[in-house]
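# Geometric and topological summary
Given next are the chains, with one letter for each unit.
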Amino acid sequence: MKIEVHNDNGTITTYNINKEDFTNSSLENHLGYINSKSKEKNVLNIIKAYYSNSKIILFDETNQIISKKLEDLKIKEFNSDNNTKTIFDEKDFSMIFFTSGSTGNPVGALKTKKHLEEEVKVLTKLFENKNINKVVLTVPFVHIYGMLFGLLYPLLNNIDIVLKEHFLPNDLLNLIDDNSLVVTTPLYIKALNKISSQKDLSKAIFVSSTAPLDALNAKEFKEKFNTDIMQIFGSTETGGIAYKLNDANLWTPMPEVKIETNENNELKVISPFVSTTLYENEFKDINGIMQTFDYIEKENEKFKLVGRSSQILKIAGKRYSTIQIENILEEVEEINKALVFVSSNEDSLREERLDITIESSKEFSSKEIKKILQNRLSNLKFSLSLKYVDKIPTSSVGKKLRV
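Numbering of residues starts from 1 in each chain and follows the order in which that chain's sequence is written. Where local features are concerned, this predicted model is filtered to residues with pLDDT of at least 70; where side-chain atom pairs are given and counted, the filter is 80 or more; whole-chain, interface and lining totals use all residues. Note that water and hydrogens are dropped before the side-chain values are worked out from all heavy atoms of the structure.

### Re the packing of aromatic side chains
What counts as a ring pair is set by centres within 6.5 Å for rings of Phe, Tyr and Trp (its six-membered ring), and what kind of pair is set by the plane angle: stacked under 30 degrees, edge-to-face over 60, tilted for all other angles. In the structure shown here, the tally under the stated rule is 13 aromatic pairs. Here the aromatic rings of Phe206 and Phe221 are separated by 4.8 Å at their centres, their planes lie at 75°, and the arrangement is edge-to-face. Here Phe206, found in strand 10 (residues 205-208), pairs with Phe221, found in helix 7 (residues 215-225); they are 15 residues apart in sequence, far enough to count as distant. Here the two residues Phe206 and Phe221 agree in accessibility, since each one is buried. For the ring pair Phe233 and Trp251, a centre distance of 5.7 Å and an interplane angle of 50° mean the geometry is tilted. Of the two residues, Phe233 sits in strand 11 (residues 228-235) while Trp251 sits in the loop between strand 12 (239-245) and strand 13 (252-253), which places them 18 residues apart along the sequence. The two residues Phe233 and Trp251 agree in class, both being buried. Strands are runs of DSSP state E lasting at least two residues, helices are runs of H or I lasting at least four, and both sets are numbered from the N terminus onward. Partly exposed residues are those whose accessible area sits between 20% and 50% of the maximum for their type, while under 20% is buried and over 50% is exposed, using a 1.4 Å probe and protein chains only.

In C-alpha cells form, the structure reads like this:
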C-alpha cells in the first residue's frame, strides 16, 4: 500500500508502506505520546509504533489539560528517549485515546491490538461489497474514528491512503474516484452541500462520525452526489456501536455489538471493541461493558437515538434532544453554530429550561428564538436563556466542545 500526502503547494509526497521498513524491535513496549498537528508526521509514527508493538498515547495537541497530565506522569513524546518508569508500564495496551476533556477531567481509554483489530474485521465486512481501493480522510489519526477507519482499516487491508493537512471542499471532491471510501465529518458534508460543484459519486461511499448529521443535510447530500453516507455512532471508550445510512431514523448495532438498556432506557454496550480499562486519575476496569447516558428507544433489533439523558428536554410528555434543537437553529441562515444545554430552573414552575449559546451574524431576541423552535417542535411552552459569543470552540474534528 502507499500513502499520498497532498501538499498545499500542489505537490504530492508518496510513502510506500512495507511492514519490514516500519518495524524496530528496540521499540517493543516503548511508551510515548503522539499529538502532532501534522497528519503526515502522525501517520508515519503510528505505523512504526503499531508494527513495532510500541505503546502510544494519542490526543489533540491543543488540549492543555491532557498535555499537563502527561507531563506530570513523566510521559514523553514517542520519538524521544524515555527510560523513566510510569504507571502505564504494566498495563496491556497498544494505544490510549484520551477524550477531549469537555467535562474538565479527561478519560483515557486503553485499547489492545485485539480491541482494534476485532473492530477492523467488522469494518472490512461492512465494506466488502464496495471494493474499496482508496481511503481519503479529513479527520486526524489521534481520534479513534480516524484511527480505525482512516488508518487501521486500509493498513490491514492493503488499501491506499490519501490525506491533506487542510482540505477545502473542492479539494476533497477532486480526489474522490470510483471505489473511494471518504472518512469525514458532518462539517464537510454540510460544506459540500453548499458548493456549486457537482460530481457523480455513486461508486464511492462516505463515512461520517464525531457528531450527529441531521437528516436534512444527509438527504440533500445523497441526492446531490448520488452516493451513500454511512453514519457511525460510537465513542472513545466503546469504539463503534451502531451505523445507519443517509437520513435513516433507526440505528443498526455493529456486528458483534450487543445493546441493552437500564431502567431509564439508557444504552448499555457490550462488545469486543469496548475498552477493558479506563484511566481517570486512577485505573478502572470495566471489562468490556459500558453503561452510557444515551437515551434510546428500541425497535426490534434497531434503535432510535434520542440523545444524552442529561441533554433531553421533557415537555408535556415528549422528549426533545438538545442536538435536535441545535440542528433546527443552525438551519437559520444567520446562525453559524448553536450550543444547547438543559438545566433545572428553580425559579420557574417548569422544572427545566434551555440554556442556548449562539455564534451568529445577527442577534435574535429570546422571543424570536422561541418562535423558531416552536414552529418545528409544535407550539409548546418552555423557558430559555440566551447568550451570544464570537466563537463556539470546536475540537480538531469539528466537534463542539461542551464546556
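### With respect to helix 1 (residues 39-51)
Three or four residues apart is the spacing at which side chains of an α-helix point the same way, because the helix has 3.6 residues per turn. With 13 residues, helix 1 extends 18 Å from end C-alpha to end C-alpha; this agrees with the ideal 18 Å at 1.5 Å per step. Most of helix 1 is tucked away: 11 of the 13 residues are buried. What qualifies as a polar contact is a pair of N or O atoms within 3.5 Å, subject to a donor-acceptor requirement within protein and to the restriction that residues adjacent in sequence count only when both atoms come from side chains. For helix 1, the N-terminal cap is Ser38; the gap from its side-chain oxygen to the backbone nitrogen of Glu40 is 3.4 Å. Phi turns positive, to about 60°, at Asn53, one or two residues after helix 1. For a helix, the expected span equals 1.5 Å multiplied by the number of residues minus one.

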